[in-house]
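The primary structure of each chain is shown beneath.
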Amino acid sequence: MIGSLSRAGRIGTFAVAAGVTRAMYAGLRRRQDSSCGVGPWHRRNYAGRTVDLYAGPAVVAGSALAAGAVPAALAILVAGACGRHDDLNGDERRGFRAHLTALRDGEITSGTVKLAGIGAAGLVAGALLKERTLDKLLAGVVVAGTAHLVNLVDVRPGRAALTVLALGAPGLLRGSAVAAPMGAAAAVLVDDLGETSMLGDTGAHALGAALGAAVAAGNGRLGLAAHAAGLVAAAVYGERSGTGVARSPM
């Protein structure tokens, strides 16, 4: 499903992503009865409420299956896996500088794992999506950069999912493959806004990678360069302003 989709194709992709995500989420929620709201699948959010993290793996499954193409599915799965590692092992350090400083001191943080893993996945996806070397590199920046951007805005309920829906809407009208991440995001939006579940780094990075892969697939060199420049600027701003603080203590 890389490239342009017909109207029926977009509707079908959106429906598959939403349906798989919802089914996965419902299945994981059934585990809550035995977990009593504790353990690795639960967190306290910014308001001190206990929420589950089931929305994360649910959107990974929904967006990856609906993407229907190897580059996008690869980026989604790797981004989700790196995000899950951070959900389980993350600490209070935020920003590239903090994690790179730790790496210089010999410590491999969860943030370093995300940076390396998602960056590598983005470059591989870009290499599969494009033919020319410069386009491959720009596409890789777009995929990895969008994954970072969506996670950066995930500081309050619904922010990440709403960002995916807002950024994806113009592409959806043009026939882009953004229907997959949009369908997955829409399927858990109410639960995220209602503070019963949260995407965590697992879901935010996966949705961002899915959106980035769709954007990269649907743009030529000029569009890729413009998107890459915007994403780098957003990352620099987030680093300097200290935004992107997690919604839950890790």
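As the structure is a prediction and not an experimental result, all values here were calculated from the model. (Residues numbered from 1 in each chain as written. Predicted model: local features only at pLDDT ≥ 70, side-chain atom pairs only at ≥ 80, totals over all residues. Heavy atoms only, no water.)

Asker: Would you mind going over unusual backbone geometry in detail, with residue names and values included?
Answerer: Phi at Glu195 takes a positive value of approximately 60 degrees, unusual for a residue other than glycine. Considering the arrangement of structural elements, one finds Glu195 in the loop between helix 9 (179–193) and helix 10 (200–217). (Helix = DSSP H or I, 4+ residues; strand = E, 2+ residues; numbered from the N terminus.)

Asker: Kindly report on a nonpolar patch on the surface, identifying the contributing residues and their values.
Answerer: A surface patch of nonpolar side chains, about 280 Å² in accessible area, is lined by Val70, Val124 and Leu128. You can see Val124 is positioned in helix 6 (residues 110–129). Val124 gets classed as partly exposed once you look at its relative accessible area, which sits at 40%. (Patch = residues over 30% accessible without salt bridge, like charges linked within 9 Å, V, L, I, M, F, W, Y side chains within 5 Å. Areas by Shrake-Rupley, 256 points an atom, 1.4 Å probe, with all protein chains shown as cover. Salt bridge = Lys/Arg side-chain N within 4 Å of Asp/Glu carboxyl O. Buried < 20%, exposed > 50% of the residue type's maximum accessible area, 1.4 Å probe, protein only.)

Asker: Any chance you could break down the pattern of salt bridges for me, citing the residues and the numbers?
Answerer: When their charged atoms lie close together, side chains carrying opposite charge are able to pair. Per the stated rule, a full pass over the model turns up 6 salt bridges. Taking the shortest distance from any N to any O, the salt bridge between Arg49 and Glu195 comes out at 2.7 Å. Placement of Arg49 in the loop between strand 1 (42–44) and strand 2 (50–52) and of Glu195 in the loop between helix 9 and helix 10 is noted, with a sequence separation of 146 residues between them. Arg49 sits in the partly exposed class, given a relative accessible area of 43%. With a shortest N-O distance of 3.3 Å, Asp86 and Lys114 are connected by a salt bridge.

Asker: I'd love a proper account of the packing of helix 9 against helix 10, names of residues and values included.
Answerer: Where helix 9 contacts helix 10, the axes come no closer than 8 Å and their chain directions differ by 150 degrees. Taken together, helix 9 and helix 10 sit at an angle that is classed as roughly antiparallel. Of the residues in helix 10, those in contact with Pro181, Ala184 and Ala185 of helix 9 are Leu207, Ala210 and Leu211. Here the contact of helix 9 with helix 10 is composed, by residue class, of 6 nonpolar, no polar and no charged. (Axes fitted to C-alpha atoms, helices over the stretch in contact; angles between N-to-C directions. Parallel < 35°, antiparallel > 145°, perpendicular 65-115°, else oblique. Contact = heavy atoms within 4.5 Å. Nonpolar A, V, L, I, M, F, W, Y, C, P; charged D, E, K, R; others polar.)

Asker: A description of the nonpolar core should follow, citing residues and the corresponding values.
Answerer: Ile76, Val142, Leu199, Leu207 and Ala216 are the most contacted members of the largest nonpolar core, which totals 55 residues. Once residues within four sequence positions are removed from consideration, Ile76 is found in contact with Val60, Ser63, Ala64, Ala67, Ala206, Ala209 and Ala210. (Core = buried A, V, L, I, M, F, W, Y, C linked by side-chain atoms within 4.5 Å.)

Asker: Can you tell me about the side chain of Thr146, naming the residues and giving the values?
Answerer: Looking at the secondary structure, you find Thr146 in helix 7 (residues 133–152). By relative accessible area, which is 6% here, Thr146 ends up buried. The residues touching Thr146, leaving out its near neighbours within four places in the chain, are Val141, Gly208, Leu211, Gly212 and Leu231.

Asker: So what's going on with the environment of Thr163? Which residues, and what values?
Answerer: As for its position among the elements, Thr163 is in helix 8 (residues 159–173). The sequence separation of Thr163 and Val150 amounts to 13 residues, and the corresponding C-alpha distance is 7.0 Å.

Asker: Outline the side chain of Asn151, listing residues and values.
Answerer: Among the structural elements, Asn151 can be located in helix 7. Using a relative accessible area of 12% as the deciding quantity, one classes Asn151 as buried. For Asn151, the side chain forms a polar contact with the side chain of His205, separated by 3.4 Å. Excluding residues that lie within four positions of it along the chain, Asn151 makes contacts with Lys114, Asp201, Ala204 and His205. (Polar contact = N/O pair within 3.5 Å; in protein donor to acceptor, adjacent residues only side chain to side chain.)

That's the geometry; what it means functionally is another story.
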